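# Structural features, examined
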Amino acid sequence: MANVLITGISGFIGSSLARGLLAEGATVRGIDNLSTGNLANLDEIRSRIDLREADILDATAIDDACRGIDYVFHQAAIPSVPKSVIDPIGTNGPNLNGTLFVLEAARKAGIKRLMYAASSAAYGENPTLPKTEAMLPEPLSPYAVQKLAGEHYLASYTRVFGLETVALRYFNIFGPRQDPTSQYSGVLARFISQMTKGETPTIFGDGSTSRDFTYIDNVVSANLTVAKTSAPVAGKVFNVATGQRITLLEAFEEVKRITGYTGTVEFKPEREGDIKHSVADISQAQSVFGYEVVASFSEGLEKTIAYYR
Ligand code: UD2
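First, a word on scope: everything that follows refers to the structure included in this document.

What counts and how
- Residues numbered from 1 in each chain as written.
- Predicted model: local features only at pLDDT ≥ 70, side-chain atom pairs only at ≥ 80, totals over all residues.
- Heavy atoms only, no water.
- Buried < 20%, exposed > 50% of the residue type's maximum accessible area, 1.4 Å probe, protein only.
- Helix = DSSP H or I, 4+ residues; strand = E, 2+ residues; numbered from the N terminus.
- Arc of directions from axis to C-beta.
- Contact = heavy atoms within 4.5 Å.
- Polar contact = N/O pair within 3.5 Å; in protein donor to acceptor, adjacent residues only side chain to side chain.
- Core = buried A, V, L, I, M, F, W, Y, C linked by side-chain atoms within 4.5 Å.
- Lys, Arg positive; Asp, Glu negative; His and termini not counted.
- Salt bridge = Lys/Arg side-chain N within 4 Å of Asp/Glu carboxyl O.
- Right-handed = clockwise from strand over helix to strand, strands pointing away.
- Near = heavy atom within 4 Å.
- Areas by Shrake-Rupley, 256 points an atom, 1.4 Å probe, with all protein chains shown as cover.
- Nonpolar A, V, L, I, M, F, W, Y, C, P; charged D, E, K, R; others polar.
- Phe/Tyr/Trp six-rings, centres within 6.5 Å; stacked < 30°, edge-to-face > 60°.
- Lys NZ or Arg CZ within 6 Å of the ring centre and 35° of its normal.
- Axes fitted to C-alpha atoms, helices over the stretch in contact; angles between N-to-C directions.
- Parallel < 35°, antiparallel > 145°, perpendicular 65-115°, else oblique.
- Left-handed = near helix turned anticlockwise from the far one by under 90°.

With that settled, consider helix α2 (residues 59-66). All of the buried residues in α2 are Ala61, Ile62, Ala65 and Cys66. One side of α2 carries all its buried residues, which in axial view fall inside an arc of 130 degrees. The secondary structure elements touched by the buried residues of α2 are β1 (3-7), β2 (27-32), β3 (49-53), β4 (71-74) and α4 (88-109). Backbone geometry just downstream of α2 places glycine 68 in the positive-phi region, at approximately 80 degrees.

So, about the environment of serine 80. With respect to the helices, strands and loops of the structure, serine 80 is situated in the loop between β4 and α3 (81-86). A C-alpha to C-alpha distance of 30 Å links serine 80 and arginine 67, two positions 13 residues apart in sequence. Ignoring anything within four residues of it in the chain, the contact list for serine 80 reads Tyr143 and Tyr184. At a separation of 3.1 Å, a polar atom in the side chain of serine 80 contacts the main-chain amide nitrogen of lysine 83.

Glancing now at the nonpolar core. The biggest cluster of nonpolar side chains holds 62 residues, and the ones touching the most others in it are Leu21, Val28, Phe73 and Leu301. When residues in this core are grouped by element, the largest group, seven residues, is from helix α7 (residues 216-228). Judged by nonpolar contacts, the second largest core, of 24 residues, contains Ile62, Ala76, Tyr116 and Ala167.

Looking now at the side chain of arginine 211. Here arginine 211 shows up in strand β9 (residues 210-211). For arginine 211, which is buried and forms no salt bridge, the nearest opposite charge comes from aspartate 274, at a distance of 4.6 Å. Here lysine 276 takes part through its backbone oxygen, which lies 3.3 Å from a polar atom of the side chain of arginine 211. Those residues within four positions of arginine 211 in sequence are excluded, and the remaining contacts are Asn172, Gln244, Arg245, Ile246, Ile275, Lys276, His277 and Ser278.

This part takes up the pairing of β1. Taking burial as the measure, the five residues of β1 include four buried ones, the bulk of the element. In terms of handedness, the path from β1 via helix α1 (residues 12-23) over to β2 forms a crossover that is right-handed.

Bringing the site of the ligand into the picture now. In the neighbourhood of the ligand, 22 residues make up the surrounding shell, with Ser119, Tyr143, Thr202, Arg211 and Asp274 lying closest. At 2.8 Å, a side-chain N or O of arginine 190 approaches an oxygen atom of the ligand. Considering the ligand on its own, with 750 Å² of exposed area, one finds that the protein chains cover 90% of that surface. The greatest single-element share of the shell around the ligand, amounting to three residues, is contributed by strand β8 (residues 202-204). Looking at the shell around the ligand, its residues break down into 11 nonpolar, seven polar and four charged.

Tracing the chain through its elements places phenylalanine 12 in helix α1. You can call phenylalanine 12 buried: its relative accessible area is 11%. As for phenylalanine 12 and aspartate 179, which are separated by 167 residues in sequence, their C-alpha atoms are 7.2 Å apart. In this structure phenylalanine 12 touches Asn41, Ile173, Phe174, Gly175, Pro176, Arg177, Gln178 and Ile216, once residues within four positions along its chain are discounted.

A few words on the pattern of salt bridges. Under the defined criterion, the tally for this structure stands at 16 salt bridges. Between arginine 19 and glutamate 44 there is a salt bridge; the shortest N-O distance is 2.9 Å. Residue arginine 19 is found in helix α1, and its partner glutamate 44 is found in the loop between β2 and β3; the two are separated by 25 residues along the sequence. Classification of glutamate 44 by relative accessible area gives exposed; the value is 51%. Where arginine 271 meets aspartate 274, a salt bridge forms, and the shortest distance between an N and an O atom there is 3.4 Å. Residue arginine 271 is classed as partly exposed on the basis of its relative accessible area, which comes to 27%. Among the charged side chains, a salt-bridge network with shared partners connects Arg29, Asp50 and Arg52.

Following the criterion strictly, the structure yields nine aromatic pairs and no others. A centroid spacing of 6.4 Å and a plane angle of 85 degrees characterise the contact between phenylalanine 191 and phenylalanine 252, whose relative ring orientation is edge-to-face. Taken together, the positions of phenylalanine 191 in helix α6 (residues 187-196) and phenylalanine 252 in helix α8 (residues 248-259) put the pair 61 residues apart, joining distant regions of the chain. For the pair shown, phenylalanine 191 and phenylalanine 252 are each scored as buried. Put simply, the rings of Phe174, Phe213, Tyr215 and Phe297 pair up and form one aromatic cluster. Its end group placed over the ring of phenylalanine 161, arginine 107 keeps NZ or CZ at 4.8 Å from the ring centre. The positively charged end of arginine 169 is found above the aromatic ring belonging to tyrosine 123, 4.7 Å away from the centroid.

Okay, the packing of α2 against α4 next. Geometry of a packed helix pair, given as the angle between the helix axes and the separation of the axes. Interaxial distance between α2 and α4 falls to 9 Å at its minimum, and their mutual angle equals 40 degrees. Of the possible angle classes, the one that applies to α2 and α4 is oblique. Remark: the crossing between α2 and α4 carries right-handed chirality. Residues Ala59, Ile62, Asp63 and Cys66 of α2 form the contact with α4, whose participating residues are Phe101, Val102, Ala105, Ala106, Lys108 and Ala109. Its residues assigned to classes, the contact of α2 with α4 shows eight nonpolar, no polar and two charged.

Here it is as structure tokens:
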């Protein structure tokens, strides 16, 4: 599959993509500043990757990294709603300017196609469910604005410069290697890590908040498929999800069942910037480039809990 660049390669999603791309025979280069990523995520594949430690706002390093590359998978970001609420300006740098730096380097290098980690956060509080790509975005948090603005830059680079770009709106991705240690970590990583240790997890809100929790294998598969497709995907946005809505209380119960946790859950007030409900319509990705759900929520949860154990 030729030469690929993964930004944010030592993160949970970047390192999973690296494994998927290596398995397809790609030559993998990666860039990461190790701010939220972890080199341990690359342990057994480290020797097969051209890994460059550099910041996404280091234009020279990004230019160098894009040279000779066919496909870019831009995953580098500070992926957190609450962090963006605390520090809108600090997160805007990597999340939005970083995307522009990568687009500009990709354009100059003449790459074939750029895949971008967009977010379901773009839909915000629009009450219509499921979320379709045709809906008007209503970003709520600064993070959502940053990720959505990145999509617009992608579309601009396709229209103005002819660079092929694809925005994949990820819906709450989970799986092995997701960092569970921070208060900003994804809820499933936190639940699993806490409940396997017998610690009490927290639900922000009354537990009815819902998400389309999507196992990482679906994301890897979506990226590999969309990079290779001859379908008209340039300049487009696609949901990457399962189409299944799970409440936080249901997620807690499921993790409890699989881990055998016997304790309770603590309820705290909702977090600022959080949206209430999220679930995707995935029919556009299915019909345009043949996206398939390769692992359901339950299958993914079983695998993730087995990994953390
Ligand atoms: C958003 C995006 C997601 C992705 C992510 C960044 C939406 C719908 N989703 O995820 O696609 O871009 O940002 O990685 O915008 N919670 C608890 N207990 C905890 C931790 C979290 O109850 O210990 C709650 C949290 O308040 C929220 C829900 O769980 O209501 C999901 O939170 P999250 O941080 O896992 O992900 P979210 O939805 O902000």
